[in-house]
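Close look at the chain arrangement
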Amino acid sequence: MTYDTTRRTVLLATGATGAAALVVACGGGGGDGDGSTSTVSPTGREATDAPAGRELASTDEIPVGGGKIFKNEEVVVTQPEQGQFKAFSAICTHQRCLVTTVADGTINCPCHGSKFRIADGAVAHGPATRALPAEQITVEGNSVRLT
């Protein structure tokens, strides 16, 4: 018996192969035996146990009512009120552009004008419809650390 190859058959086969590869790649196999563990942050970056608590800045580098963007870490740290520090992903939830400024109580994306509140990362002005994901920091003395 012979079968005619149709566009639908090719697309279905391609999709099934891609799905199988995705399942294998994301599977929770036994690890590679090196004893380390890793997690994925809300921004999708992988973080390992090892260098936790890396210092980002001193507290006096983060202005009250403003914030500072750390491009390499793709994190923005804000200080909405004196002594209250928050951290969010610096990747806009609209089109994944890197935010570039913190001013007038908002974290601002240059690509399409989205603005996010420094206190909670919520959308203050669209087109973004989702808040910036929170990132984990600790403040020890006058040191702000990414955890």
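In the block above lies the structure referred to throughout.
These lines cover the structure that appears in this document, whether it is placed above or below. (Residues numbered from 1 in each chain as written. Predicted model: local features only at pLDDT ≥ 70, side-chain atom pairs only at ≥ 80, totals over all residues. Heavy atoms only, no water.)

Here's the deal with unusual backbone geometry
In the Ramachandran plot, Arg96 falls in the positive-phi region, its phi being about 65° despite a non-glycine side chain. Mapped onto the fold, Arg96 is located in the loop between β6 (84–89) and β7 (101–103). On the basis of relative accessible area, Arg96 is assigned to the exposed category, the value being 60%. One non-glycine residue, Asp104, adopts positive backbone phi at about 55°. Tracing the backbone shows Asp104 in the loop between β7 and β8 (106–108). (Helix = DSSP H or I, 4+ residues; strand = E, 2+ residues; numbered from the N terminus. Buried < 20%, exposed > 50% of the residue type's maximum accessible area, 1.4 Å probe, protein only.)

Brief notes about the side chain of Thr93
Among the secondary structure elements, Thr93 is positioned in the loop between β6 and β7. At 2.5 Å, the side chain of Thr93 and the backbone oxygen of Arg130 are in polar contact. In contact with Thr93, not counting residues within four places along its chain, are Phe116, Ala128, Arg130, Ala131, Leu132 and Pro133. (Polar contact = N/O pair within 3.5 Å; in protein donor to acceptor, adjacent residues only side chain to side chain. Contact = heavy atoms within 4.5 Å.)

Quick word on the sheet that holds β6
Reading across the sheet, the 3 strands line up as β4-β5-β6 and stay open at both edges, with antiparallel pairing between neighbours. The sheet is open, and its two edges are formed by β4 (66–70) and β6, each paired on a single side. With direction set aside, neighbouring strand axes in the sheet form an average angle of 20°. In the sheet, strand β5 (residues 75–81) pairs with β6 via 5 bridges, with the strands oriented antiparallel. By the bridge assignment for β6, Glu81 is matched with Gln84. (Pairing = 2+ DSSP bridges. Axes fitted to C-alpha atoms, helices over the stretch in contact; angles between N-to-C directions.)

Remarks on the state of the cysteines
Scanning the entire structure with this criterion turns up 1 disulfide. Between the sulfur of Cys97 and that of Cys111 lies a disulfide, 2.0 Å long from S to S. Disulfide Cys97-Cys111: torsion about the S-S bond near -110°, hence left-handed. Linking Cys97 in the loop between β6 and β7 with Cys111 in the loop between β8 and β9 (115–117), this pair joins segments that are 14 residues apart in sequence. Under the relative-accessibility criterion, Cys97 is labelled buried at 15%. A relative accessible area of 37% places Cys111 in the partly exposed class. Counting only cysteine sulfurs, Cys109 is the nearest neighbor of Cys92, a cysteine outside any disulfide, at a range of 3.9 Å. On the basis of relative accessible area, Cys92 is assigned to the buried category, the value being 2%. (Disulfide = S-S within 2.5 Å.)

A word on the sheet that holds β7
Taking strand neighbours across the sheet as the criterion, the 4 strands line up as β7-β8-β9-β10 in an open arrangement whose pairing is antiparallel. Two strands lie at the open edges of the sheet, namely β7 and β10 (123–125), each paired on one side alone. The mean angle between the axes of side-by-side strands here comes to 35°, regardless of whether they run parallel or antiparallel. Looking at chain direction, β9 and β10 are connected through 2 bridges and run antiparallel. Bridge pairing in β10 places Lys115 opposite His125.

Remarks on the nonpolar core
Within the largest apolar cluster, 13 residues are counted, with the highest numbers of intra-cluster contacts made by Val99, Ile107 and Phe116. Counting residues in hydrophobic clusters, the runner-up holds 11 residues, among them Phe85, Ala87, Ile137 and Leu146. (Core = buried A, V, L, I, M, F, W, Y, C linked by side-chain atoms within 4.5 Å.)

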